[in-house]
Amino acid sequence: MGDLRKSLSIGEKLEILADAAKYDVACTSSGVNRKGKSGSLGNSCAAGICHSFASDGRCVSLLKILQSNECVYDCKYCLNRSSNDRIRTTFTPEEVCQLVMEFYRRNYIEGLFLSSGVVKNPTYTMELMYRTLYMLRNQYHFNGYIHVKAIPNAPGELIEQIGYLADRMSINMELPTEDSLKKLAPHKTQNGILKPMEQIQNRIAAYRLTIGKDARMERSASNRYLSGTIFESPRKNIASNIYTPSRANTQLPVSYEKTFTQSGTNPLQSSISLSQPDINSLQHQVTSTKADKYSPVPFVPAGQSTQMIIGATSENDYQLLTTTQRLYQQFDLKRVFYSAYVPLNEDSALPSLDTTPPLLREHRLYQADWLLRYYGFHADDLLSADKPNFNVFLDPKCDWALRHLELFPMEVNKADYADLLKVPGIGIKSAMRIVNSRRSGQLTFDALKKMGIVLKRAKYFITCQGKMMYSIRIQEDFITRQLIGEDYKSSWDVEHPTTYKQLSLFDDMKKGAFQ
Amino acid sequence: MIIYTCEDTLEDMMTCIYDAWASKLGHQNIRLMTEPIGNLELFCEYRHVPVNTQKAESVIRSIQNKISFSAYQCVYRCAMSCETNKLDVIYRFLLLGFTYGAGVMDMLQHPAVMSIFEINRKVTNESHLFREFTRFISMKGNVLTAHIEPKSDILTMLAPHFQDRMPSENWMIIDDNRRTAVVHPKDTDYYLTSLSQEEFHRLSNLEDTADPYVALWKNFFQTIGIKERKNPTCQRNHIPLWYRKHATEFQL
């Protein structure tokens, strides 16, 4: 392990721990609406708010940092693995709290994303993170968004307590199969990852039932017009382990204060070893009004998510997508994120150091993920064991449409919402606009354009009042050629964000290239 | 052609709509414009409409009662836009709205509705972007100030968001181009005010230039990007250069 220096300034720590956290993908601040309240700082907006965009074009919504980059695990792909020689450091809870509060006041961030390397053991690490969040919520009165990573193999009580402070929790799947996990992350097991995931799912369900909602997370409101989405398939797995709040074993905390006084043995009290004021002294500062004393404390109200690494092992897109679908169905995850593998370490089990990140593949997987969640597609519609990978040239929906030309062209003035969604180029917003506006009159191609519906792809698949936009042959080869021609540049751009481009007389020459 | 003109505030515009409507000249024979008028047209008569609060209120009331509240919101946002033809767009939309009632909001294929929706969308999007990219600067005396230079007049759309978010902070957001500001003293309601030249200068002298969190944030922002995935085009699509003017992380 690298040297353990305690004397780093907060700026240096921030640089080290942000640098170590940047490979985590999820930076969303979405999924929960929460009003601000007098005396505390922050609110939360269900749509999520990005505050800036980094040089790689990814959004910066949350202060994404590690609590510590010390780690006892040796996951091959990770920058912070124990066998790497790096400067190791740990944030104290106060430091994190101050950064979050001051950044938030200046509208730099939407909240905190807290992950961590495994210091000493999972329990110790999780405790440290719990103390940070507890302090942030109760001493600093932070009311904004918090996304926290659960450490695999951490004890259940800690995960539960932390869930009452966070808006979203996530546990990284890392790799979709047990085999590759064994190969690249020898200290992690699939069971160690899925068990806390299931625990969080059950707790969320319990909380949702107590406030009179359905046990499963809300999905896009427009999904109610679709039939047979992945979210409504038989809930075999869910039904068996769903948590129903029976009198005997409910320990639903009524408020922070009550939790600790009731349960008596706070799981943390015994094992706090850092030089911080302990939880007992914090307890007195918890202010709760009469109104919220008896209302249940939200448990991970924005749901949980996970992430998988793309391209480090030999799994194909079909395996990844079916895993994704299973995660949505069985664990009721809100999101699954993909992270294109960036080579950081040299290891015989890993791809070589000069591999470029598979950005286009990541992009295709995200496109497919959206099709699952918003468009009523299933993994099996898009890919199959015979055709396990996505088409490089076409997006998954175009690819699907070209294999189902018998459904097209579709009459825009008649097709129902679910069918309109299957047209390449028409998304949920466009489909909704079409359905709403055609009630008051016929639609023409001109009207569609002006309504903001992009016809670039859609024109090959739709008719308005029985006519297509141009005389287009509904023929697979022809349309494929047209679409590939139009999409070629954008696909190339995704894979090669900074490489060569065609010279342009006006853009490149005017800066005096020949001087 | 008679052209009714008025100043560029909501009240003036609503009064102008009232007078244009009441003129009974025939809707196709009149047009409405906000001042300043750039190019005067031949064969047109320009009539300036002075503000009248009662008339403005009655127009706003009728929009809410006879069409819908969401239609009024749409009209309001459109009125805050920087488009030159916005007043006429609102007028044409209202003509249709008073005929069809609340259903007009869904008649997207009608040119009058289409154009108000387009402007509405632009203003909403801009106000959302400023929700994201507005940056506060710490000032002496524990006050936060933010400077913005939006194209549309979005201060009134921005303020409720920050009011809810930072109820117990002293903050103000200043629109540099229009010299208006939203001021929010701790634990009270915010108010809209205009700033004089002198106040403007005094404010800029009070900025805390030694704020350590500025450097921390810039450093964090530099660090968080992944070098192997560098993609300036994607970054520009999400945060266009134009919005970076007052964003802390893009200032040298």
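The next subject is the overall build of chain A. Across its full length, chain A carries 20 helices and ten strands. Here chain A holds 515 residues, and the buried ones make up 56% of them. Expressed as a percentage of contacts within chain A between residues at least 6 apart in sequence, the contacts between residues at least 24 apart total 70%. Per element, the accessible surface of chain A, about 22100 Å² overall, is 52% carbon and sulfur.

If you look at the interface, chain A gives 64 residues, while chain B gives 48 residues. Between chain A and chain B, a total of about 5100 Å² is buried, with carbon and sulfur atoms accounting for 57% of that surface. Per-residue buried area on chain A facing chain B is highest for F53, R105 and R106 of chain A; these three make up 15% of the total on that side. In this assembly, chain A and chain B are joined by five salt bridges. Scanning the region where chain A abuts chain B turns up 26 residue pairs in polar contact (both at pLDDT 80 or more). Counting residues per element, the ones that place at least two in the side of chain A that touches chain B are α1 (10–21), β1 (52–53), β3 (62–66), α2 (93–105), α12 (359–374), α16 (428–437) and α17 (445–450) of chain A. Along the lines of polarity and charge, the residues of the side of chain A that touches chain B split into 27 nonpolar, 19 polar and 18 charged.

Residue and element names in this part refer to chain B. Tracing the chain through its elements places Q163 in helix α6 (residues 155–165). Of the polar contacts made by the side chain of Q163, one reaches the side chain of H184; its length is 3.0 Å. Residue contacts for Q163: discarding those within four places in its chain leaves W171, H184, T188, D189 and Y190.

Now for the sheet that holds strand β8 (residues 335–340) of chain A. Residues and elements named next belong to chain A. Read from one edge to the other, the open sheet built from six strands follows the order β3-β4-β5-β6-β7-β8, with strand pairing classed as parallel. The open sheet has two edge strands with one neighbour each: β3 and β8. Taken over all neighbouring pairs, the strand axes of this sheet differ in orientation by 20° on average, direction set aside. Bridging between strand β7 (residues 304–310) and β8 involves six bridges; their strand directions are parallel. Within β8, the position partnered with M308 by the bridge is Y338. Packing of α12 onto the sheet brings it into contact with β7 and β8, and relative to β8 it is tilted by some 170°.

Residues and elements named next belong to chain A. When the domains of chain A are assigned, the result is domain 1 (1–170 + 262–292), domain 2 (171–252 + 296–390) and domain 3 (393–495). If you average the C-alpha positions of domain 2 and of domain 3, the two centres end up 30 Å apart. Contact with domain 2, which involves 21 residues of that partner, is made by 19 residues of domain 3. For the domain 2 and domain 3 pair, buried surface summed over both sides reaches about 1700 Å², with 66% attributable to carbon and sulfur atoms. Contact with domain 3 buries surface across domain 2, with R364, Y375 and F377 losing the most and accounting together for 31% of the total. Here domain 2 is connected to domain 3 by one salt bridge. Salt-bridge contacts for K387 lead to D399; the nearest nitrogen and oxygen are separated by 3.1 Å. Where domain 2 packs against domain 3, one counts four residue pairs in polar contact (both at pLDDT 80 or more). Within the residue set of the side of domain 2 that touches domain 3, elements represented by two or more residues are α12 and α13 (379–382). Ranked by residue count, the leading element in the side of domain 2 that touches domain 3 is α12, at nine residues. Of the residues contributing to the side of domain 2 that touches domain 3, the split by class is 13 nonpolar, four polar and four charged.

This part takes up the packing of aromatic side chains. Any pair of aromatic rings gets described here by the distance separating the centres and the angle formed by the planes. For the structure on display, the rule yields 27 aromatic pairs over all chains. Between F103 of chain A and W217 of chain B the ring centres are 5.5 Å apart and the planes differ by 80°, which places this aromatic pair in the edge-to-face class. Taken together, the positions of F103 of chain A in helix α2 and W217 of chain B in helix α8 (residues 212–224) put the pair across two chains. Pair check on accessibility: F103 of chain A and W217 of chain B agree, each one buried.

Residue and element names in this part refer to chain B. Taken domain by domain, chain B consists of domain 1 (2–125), domain 2 (134–209) and domain 3 (211–252). The C-alpha centroid of domain 2 is placed 30 Å from the C-alpha centroid of domain 1. Counting from both sides, the interface comprises six residues of domain 1 and, opposite them, six residues of domain 2. Summed over both sides, the interface between domain 1 and domain 2 buries roughly 480 Å², with carbon and sulfur atoms accounting for 64% of that surface. Together, M80, C82 and V123 form the three largest contributors to the area buried by domain 1 at its contact with domain 2, with a combined 73%. Linking domain 1 with domain 2 are two residue pairs in polar contact (both at pLDDT 80 or more). Partitioned by chemical class, the residues of the side of domain 1 that touches domain 2 number four nonpolar, one polar and one charged.

Cut-offs used in this document
- Residues numbered from 1 in each chain as written.
- Chains lettered and ligands numbered in written order.
- Predicted model: local features only at pLDDT ≥ 70, side-chain atom pairs only at ≥ 80, totals over all residues.
- Heavy atoms only, no water.
- Helix = DSSP H or I, 4+ residues; strand = E, 2+ residues; numbered from the N terminus.
- Buried < 20%, exposed > 50% of the residue type's maximum accessible area, 1.4 Å probe, protein only.
- Contact = heavy atoms within 4.5 Å.
- Areas by Shrake-Rupley, 256 points an atom, 1.4 Å probe, with all protein chains shown as cover.
- Buried area = accessible area lost by both parts, 1.4 Å probe.
- Salt bridge = Lys/Arg side-chain N within 4 Å of Asp/Glu carboxyl O.
- Polar contact = N/O pair within 3.5 Å; in protein donor to acceptor, adjacent residues only side chain to side chain.
- Nonpolar A, V, L, I, M, F, W, Y, C, P; charged D, E, K, R; others polar.
- Pairing = 2+ DSSP bridges.
- Axes fitted to C-alpha atoms, helices over the stretch in contact; angles between N-to-C directions.
- Domains from an automatic or database assignment.
- Phe/Tyr/Trp six-rings, centres within 6.5 Å; stacked < 30°, edge-to-face > 60°.

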